[in-house]
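# Observations on chain architecture
Single-letter residue listing:
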Amino acid sequence: MIEQFENVTGRIFDIQKFSVHDGPGIRTIVFLKGCYLRCRWCCNPESQEYHIEKMIRNGKEVTVGRDVTVGEVMEDILKDVPYYRRSGGGVTLSGGEALAQPDFAVALLSACKEYGLNTAIETTGFADFSVIERYIPVCDLFLMDIKHTDSAKHKEFTTQPNEIILENAVKIAHKAKKLIIRVPVIPTFNDTPEEISSIANFAKSLGTVTELHLLPYHRLGYDKYVGLSREYKMGDIPVPSKEHMEILRSAAMASGLDIIIGG
Amino acid sequence: MKKYTVTDIPRTERIKKLIDNLYAKMPVIEADRGILVTESYKSTENEPIISRRAKAFMHICKNIPITIRDFELIVGSATKNPRGCQVFPEYSFEWLENEFDTVATRTADPFYISDETKATLHEVYKYWKGKTTSDLATSYMSPETLKAIEHNIFTPGNYFYNGIGHVTVNYGKILEKGLDGIISEAKEALSAISPEDPSYIKRSQFLNAVILSCEAAEIYAARYAALALELAKKETDSARRGELLVIASNCSRVPKEGARSFYEACQSFWFIQMLLQVESSGHSISPGRFDQYMYPYFKNDLEAGKITREAAQELMDCIWVKLNDLNKVRDAASAEGFAGYSLFQNLIAGGQTKDGFDATNDLSFMCIQATMHVRLPQPSFSVRVWNGTPHEFMIKAAELTRTGVGLPAYYNDEVIIPSLLSRGLSIEDARDYNIIGCVEPQKSGKTDGWHDAAFYNMCRPLELVFSDGYDDGEFIGVHTGDVTKMKTFEEFYNAYKAQNNYMLKLLVNADNSIDVAHSERCPLPFQSSMVEDCIGRGKSLQEGGAIYNFTGPQGFGIANMADSLYAVKTLVFDQKKITMYELKDAIDHNFGEDIPDKIAEAKTQKEIKKIADSGKTITDSMIMETYKKIKTSGMQPYQRAKYRKVRELIDSIPKFGNDIPEIDAFARDVAYTYTRPLEKFRNPRGGIFQAGLYPVSANVPLGAQTGATPDGRLAYTPVADGVSPSAGKDVHGPTSSANSVSKLDHGIASNGTLFNMKFHPSALEGRSGLESFVALIRAYFDQKGSHMQFNVVSRETLRDAQAHPENYKSLVVRVAGYSALFTTLSKSLQDDIINRTEQMSF
């Protein structure tokens, strides 16, 4: 069975082991290269372009992005099987956008299922539903961002409107095994109790969603913008305080969902 | 449905007071034991050594000052001052006499010593010249061995200068039968030997010594009973008077007779634990499976309503504090290697019963609780993990890890039990193992494991390959030929094995010489009385009285060796990117970097002395010139650039610790070059050698004696710690690092392996953090790793503690096989801890 997926190729820029915040248990995250959105706060700007590029990291030029086969990635993923088994963990595809390379991503997820691994994708949900549908049978968990309920503001900060995202959320909620909604909490964009409540209420209205994660903005991506010679559009905006995150959490709680700060 | 009581028990006010009092002052060196042992020896000249030892122990027990400290519930102190130490001139003394004036101001483990004590000890030491175990051992070693030690290829310093220790006696038996029980057993054995039997002479001498030492311990306890009574009479506070009366009653009962309650059992345990460390200076006297042998007393009292859980917890906490009251002064060099005033009294909870069922009980949880309450380096607290270990026990242990105290260490039954079986233990004994000292498994009450027999620096034979057996201008190894003319990697690797095998033989000679010296000059009748089958065989532990006998020297530097050999193979032979000459040249010039100031100063002094000895006049400018030349190896900038390039090339190839099968296989093979030859050697007690792979903290001072290595490690910097990857070289997170380490054969290193990981507290946040942490341990153990320990502190915290030690007096870190107070460690060791890879999760 596994042979049919082995030689499918895709483009990734990193594989990260021992991740404990993106899905249950101890996980390996495969970061796919290329994204449809250009979120101002994105902490992985090197993930956005599909083409392989150079960037400066710790004073040295490095190449970001490489083409790999599913077989190669699986070899790396399988090294940590004992950790997945002991923690109920598995594999999460992130990005970039996991929906942007469907042939590769679906093959990789299918291969994971052949080995009995738990699978998840972290996604913006910005794609044709016909694409998303291919992921559903082999993905145990969708970690989907809802960044804003207002489409104009969404477009202003991410370059894309949100209608298709909200529509997809409704469909995923009804068809996928499990959906968790995640909100990057970004000052000046969506960090008021009203905006967060609105997202929480939307998530609740999906019916099958029980959990919402609030992911506080951080500046860890700043150096990467410098390394890529790109402008960091967030400027000096400070990160949300613990207290403020608690206020937002309380606001979101009114929806009746479980609200978790961090993943 | 509830099987264990896992809820927290609060700490009492008393425990805080006991700890405050214990750490109020700098530890002091006391002379009493030194005086008493000398007096006794003078009066027993020409008697058999075993009776001299017993009589000396009796003389000490009768006369050493005793004290009951404020608020204590468990009594028995080896010194008048808290955390003081006694001296043991029968093992060695010159080093202390030489360091009288520096011991109070040295960086690692300083001790206060008064002028009066100095004068007294100076007198005492006159008697011991030529009479110590150390003197005798030296005279037994081959000239080649002495030369190898002088050149720091290995260091058998621990037992060379001190007692052996490293034992877990049969505590359970004493708790049940008392020392009177041992005395009757010895008497029975005595009456069973006929005088015409040729073994009568030695055996009866030994058995009489056993009886006398047990009586000595009983007298010692009786003195405490009298003192408690006397203090009770004077005590005005009625609550304290009541406590003192109970103490008096306990001390008049135990350890002479069997314990009738949990409290008596605690007191009995403590007298044994403490007196073993008065008889000999050996450290790592390990309490072992406290939760197992104490449990019946706890259960009985609890069920009979004689004790509450809280009261039992307080008694355990008192023992935990007392374990930190014992102390030991080591020579300056050893103090660096064992830094942190540690006595390595390893206490272990959980695991399996001898029948293979889960052994976890309420006391196992209370052991974790006690460590949380006291947050002190002792006991070196460990937990045993097997497939049947309850999850709630793992979570509670992880909570302890999260406090940042560096405890517990986790041990894997699924590796250790088969490993012990392969060394000839019965299945019941193997299942009943505990840990000695740092990481060394053994069966209590049956083993003389000599677990810490030496430190062996695996990088040093590699240096000898590059120099054809020469070190510092002297020929100390074997001839393996000109390294630059070697044609294949196999030839190079074989040269390493040749140098290594030669040094291992010398190591064995060193250990066996010391072993014989101990049996002839310092047999220990009290310790032997509590280990099988000394009474049956009628001989001491030091003469081979134990059922299981081993000698366990520790190798370290596997990661450096694996990376070095891989670099040589890849860059010189496979890819031919550099020649062996270029590599050797770069190593000789420390990859273009200066050598550390301190080393350069020492080398300059040596060089200048040589010049002075040759009769030349020394000028200031000559000193400066020499210093500069040594520090920079006389390099020009263009040379530096060339050598640095070599190092960059080395840095660019993969390293051990990143889950790369090819290098991991290399590391496994390198470890075999140490572990496999060793098990062929025999010790004088009838046992074999078995390798350990851990350095305690010796990787720092012994690294300071090691030149640059082909893995890019700079000269005189620390060598890799235990089986852990080289500091900063494992860059793919904890699972990759653990996977690499698990590829080594941990079972053959039956004297223990040590894998150190440092975690930022954020990695263990919340219940999910604990769950992931437990899963990490479980998964490493599934892959047959045998030991794991963690430092959970932030780099910033450590830096700040370094800058402001006054604010961090109680900051405990896991150094190697044990926990120590961070601020008491030397600067270089502190730096090493800070620089170890910090495993963060995102």
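Up top is the structure these notes are about.
This text gives an overview of the structure that appears in the document. Treat the numbers as computed from the prediction; the structure is a model and nothing was measured.

A few words now on the overall build of chain B. When its secondary structure is counted, chain B shows 35 helices and 18 strands. In terms of overall size, chain B behaves like a compact globule, its C-alpha atoms giving a radius of gyration of 27 Å where 842 residues would be expected to give roughly 28 Å. In terms of overall dimensions, chain B has a C-alpha envelope of 80 × 65 × 55 Å along the principal axes. Evaluated residue by residue, chain B yields a buried proportion of 64% over its 842 residues. Nonlocal contacts in chain B, meaning residues at least 24 apart in sequence, comprise 78% of its contacts between residues at least 6 apart. Working note: accessible area of chain B is about 29,300 Å², and carbon and sulfur atoms make up 53% of it. The positive charge centre, built from 96 side chains, and the negative charge centre, built from 106, are 0 Å apart in chain B.

Moving on to the packing of helix α3 (residues 49–63) of chain B against helix α10 (residues 200–234) of chain B. Residue and element names in this part refer to chain B. Direction vectors running N to C along α3 and α10 enclose 5°, while the axes themselves pass 8 Å from each other. On the basis of the axis angle, α3 is roughly parallel to α10. Of α10, the residues touching α3 (which contributes Ile50, Ser51, Ala54, Lys55, Phe57, Met58, Ile60, Cys61, Lys62 and Asn63) are Gln205, Phe206, Ala209, Leu212, Ser213, Glu215, Ala216, Ala217, Ile219, Tyr220 and Arg223. Residues belonging to the contact of α3 with α10 are distributed by class as follows: 13 nonpolar, four polar and four charged.

Centre-to-centre distance and the angle between the planes together describe a pair of aromatic rings. Residues and elements named next belong to chain B. Throughout the structure, instances matching the rule amount to 41 aromatic pairs over all chains. Measuring from centroid to centroid gives 4.7 Å for Tyr159 and Trp450, while their planes differ by 80°, and the two rings are edge-to-face. Residue Tyr159 is found in helix α8 (residues 157–161), and its partner Trp450 is found in the loop between β7 (447–448) and β8 (455–457); the two are separated by 291 residues along the sequence. Just as Tyr159 is buried, Trp450 falls in that class too. Aromatic side chains Tyr456 and Tyr674 sit 5.2 Å apart centroid to centroid with 25° between the ring planes, which places their arrangement in the stacked category. Remark: Tyr674 occurs in helix α30 (residues 661–678) and Tyr456 occurs in strand β8; sequence separation between them is 218 residues. Look at Tyr456 and you get buried, because its relative accessible area is 0%. Tyr674 gets classed as buried once you look at its relative accessible area, which sits at 0%.

Another aspect to go through is the side chain of Lys443 of chain B. All names here are of chain B. By the secondary structure assignment, Lys443 is in strand β6 (residues 440–443). Within the local environment of Lys443, its side chain forms a polar contact with the side chain of Asp432, the two groups lying 2.7 Å apart. Not counting residues up to four positions away in its chain, the partners in contact with Lys443 are Leu425, Asp429, Asp432, Asn434 and Tyr548.

Looking now at the environment of Gly692 of chain B. Residue and element names in this part refer to chain B. Its place among the elements puts Gly692 in the loop between β13 (688–689) and α31 (699–703). Residues Gly692 and Thr675, 17 residues apart in the sequence, show an inter-C-alpha distance of 7.8 Å. Dropping the residues within four chain positions of it, Gly692 is found in contact with Pro553, Gln554, Gly555, Tyr674, Asn751 and Gly752.

Residue and element names in this part refer to chain B. Inspection of the secondary structure assignment puts Glu90 in the loop between α3 and α4 (94–99). Within the structure, the side chain of Glu90 is placed 3.2 Å from the side chain of Arg53, a separation counted as a polar contact. Residues within four places of Glu90 in sequence aside, it is in contact with Arg33, Val37, Arg53, Trp128, Lys131, Thr132, Thr133, Glu279 and Cys522.

Residues and elements named next belong to chain B. According to the stated counting rule, one finds 65 salt bridges over all chains in the structure shown. A salt bridge links Glu47 to Lys55, with the nearest nitrogen and oxygen atoms 2.7 Å apart. Overall, the relative accessible area of 27% leaves Glu47 in the partly exposed class. On the basis of relative accessible area, Lys55 is assigned to the partly exposed category, the value being 34%. One continuous salt-bridge network, built from bridges that share partners, spans Arg14, Arg240, Glu243 and Glu314.

The next subject is the interface of chain A and chain B. Facing twelve residues of chain A, the contacting portion of chain B comprises 20 residues. Buried surface at the junction of chain A and chain B, both sides included, amounts to about 1,500 Å², of which 57% is carbon and sulfur. Ranking the residues of chain A by area buried against chain B places Phe18, Tyr83 and Arg86 of chain A at the top, with a combined share of 49%. At the boundary of chain A and chain B, one finds one salt bridge. Residue Arg86 of chain A pairs with Asp782 of chain B through a salt bridge whose shortest N-O separation is 2.8 Å. In this structure, the connection of chain A to chain B is made through eight residue pairs in polar contact (both at pLDDT 80 or more). Every element with two or more residues in the side of chain A that touches chain B is listed here: β1 (9–19) and α3 (81–87) of chain A. When residues of the side of chain A that touches chain B are assigned to their parent elements, the largest contribution, four residues, is made by α3 of chain A. Of the residues that constitute the side of chain A that touches chain B, the class distribution is five nonpolar, three polar and four charged.

Right, let's talk about the nonpolar core for a bit. It is characteristic of soluble globular proteins that their nonpolar side chains tend to be buried jointly. Among the nonpolar cores identified, the biggest contains 232 residues, and Ile29, Phe262, Phe290, Tyr410, Phe492, Leu583 and Met788 of chain B are the most heavily contacted of them. Sorting elements by how many residues they give to this core places α10 of chain B first, with 15 residues. Beyond its immediate stretch of four places on either side in the chain, Phe262 of chain B contacts Met294, Tyr297, Phe298, Asp301, Ile307, Ala312, Leu315, Met316 and Leu363 of chain B. Counting residues in hydrophobic clusters, the runner-up holds 74 residues, among them Phe5, Leu109, Phe126 and Leu248 of chain A.

Paired through their backbone hydrogen bonds, the strands of a sheet run either parallel or antiparallel. Residue and element names in this part refer to chain B. Reading across from one edge, β7-β11-β13 is the order of the three strands in this open sheet, with parallel pairing throughout. The open sheet has two edge strands with one neighbour each: β7 and β13. In terms of strand pairing, β7 meets strand β11 (residues 548–551) through two bridges, oriented parallel. Looking at the pairing, Asp448 lines up with Asn549 of β11.

Negative phi is the rule for most residues except glycine; trans is the rule for most peptide bonds. Residue and element names in this part refer to chain B. With an omega of 5°, the peptide bond running from Val254 to Pro255 counts as cis. Relative to the helices and strands, Pro255 resides in the loop between α11 (238–253) and α12 (262–279). Look at the link from Gln378 to Pro379: it is a cis peptide, with omega at -5°. By the secondary structure assignment, Pro379 is in the loop between α17 (362–374) and β3 (380–385).

Attention shifts here to the environment of Thr480 of chain B. Residues and elements named next belong to chain B. Take Thr480: it is sitting in the loop between β10 (474–475) and α22 (489–521). Between the alpha carbons of Thr480 and Leu464 there is a distance of 8.7 Å; along the sequence they are 16 residues apart. Sequence-distant contacts of Thr480, that is, excluding residues within four places in its chain, are made with Leu464, Val465, Asp468, Met486, Ala495, Ala498 and Gln499.

This part covers the packing of helix α2 (residues 32–43) of chain B against helix α5 (residues 115–128) of chain B. Residue and element names in this part refer to chain B. Direction vectors running N to C along α2 and α5 enclose 35°, while the axes themselves pass 10 Å from each other. Seen from above, α2 lies across α5 with left-handed handedness. Packed against α2, whose contacting residues are Gly34, Ile35, Val37, Thr38, Tyr41 and Lys42, the element α5 presents Thr120, Val124, Tyr127 and Trp128 at the interface. Residues of the contact of α2 with α5, tallied by class, amount to six nonpolar, three polar and one charged.

The rules behind each value
- Residues numbered from 1 in each chain as written.
- Chains lettered and ligands numbered in written order.
- Predicted model: local features only at pLDDT ≥ 70, side-chain atom pairs only at ≥ 80, totals over all residues.
- Heavy atoms only, no water.
- Helix = DSSP H or I, 4+ residues; strand = E, 2+ residues; numbered from the N terminus.
- Rg over C-alpha atoms; globule rule 2.2 N^0.38 Å.
- Buried < 20%, exposed > 50% of the residue type's maximum accessible area, 1.4 Å probe, protein only.
- Contact = heavy atoms within 4.5 Å.
- Areas by Shrake-Rupley, 256 points an atom, 1.4 Å probe, with all protein chains shown as cover.
- Lys, Arg positive; Asp, Glu negative; His and termini not counted.
- Charge placed at Lys NZ, Arg CZ, Asp CG, Glu CD.
- Axes fitted to C-alpha atoms, helices over the stretch in contact; angles between N-to-C directions.
- Parallel < 35°, antiparallel > 145°, perpendicular 65-115°, else oblique.
- Nonpolar A, V, L, I, M, F, W, Y, C, P; charged D, E, K, R; others polar.
- Phe/Tyr/Trp six-rings, centres within 6.5 Å; stacked < 30°, edge-to-face > 60°.
- Polar contact = N/O pair within 3.5 Å; in protein donor to acceptor, adjacent residues only side chain to side chain.
- Salt bridge = Lys/Arg side-chain N within 4 Å of Asp/Glu carboxyl O.
- Buried area = accessible area lost by both parts, 1.4 Å probe.
- Core = buried A, V, L, I, M, F, W, Y, C linked by side-chain atoms within 4.5 Å.
- Pairing = 2+ DSSP bridges.
- Left-handed = near helix turned anticlockwise from the far one by under 90°.

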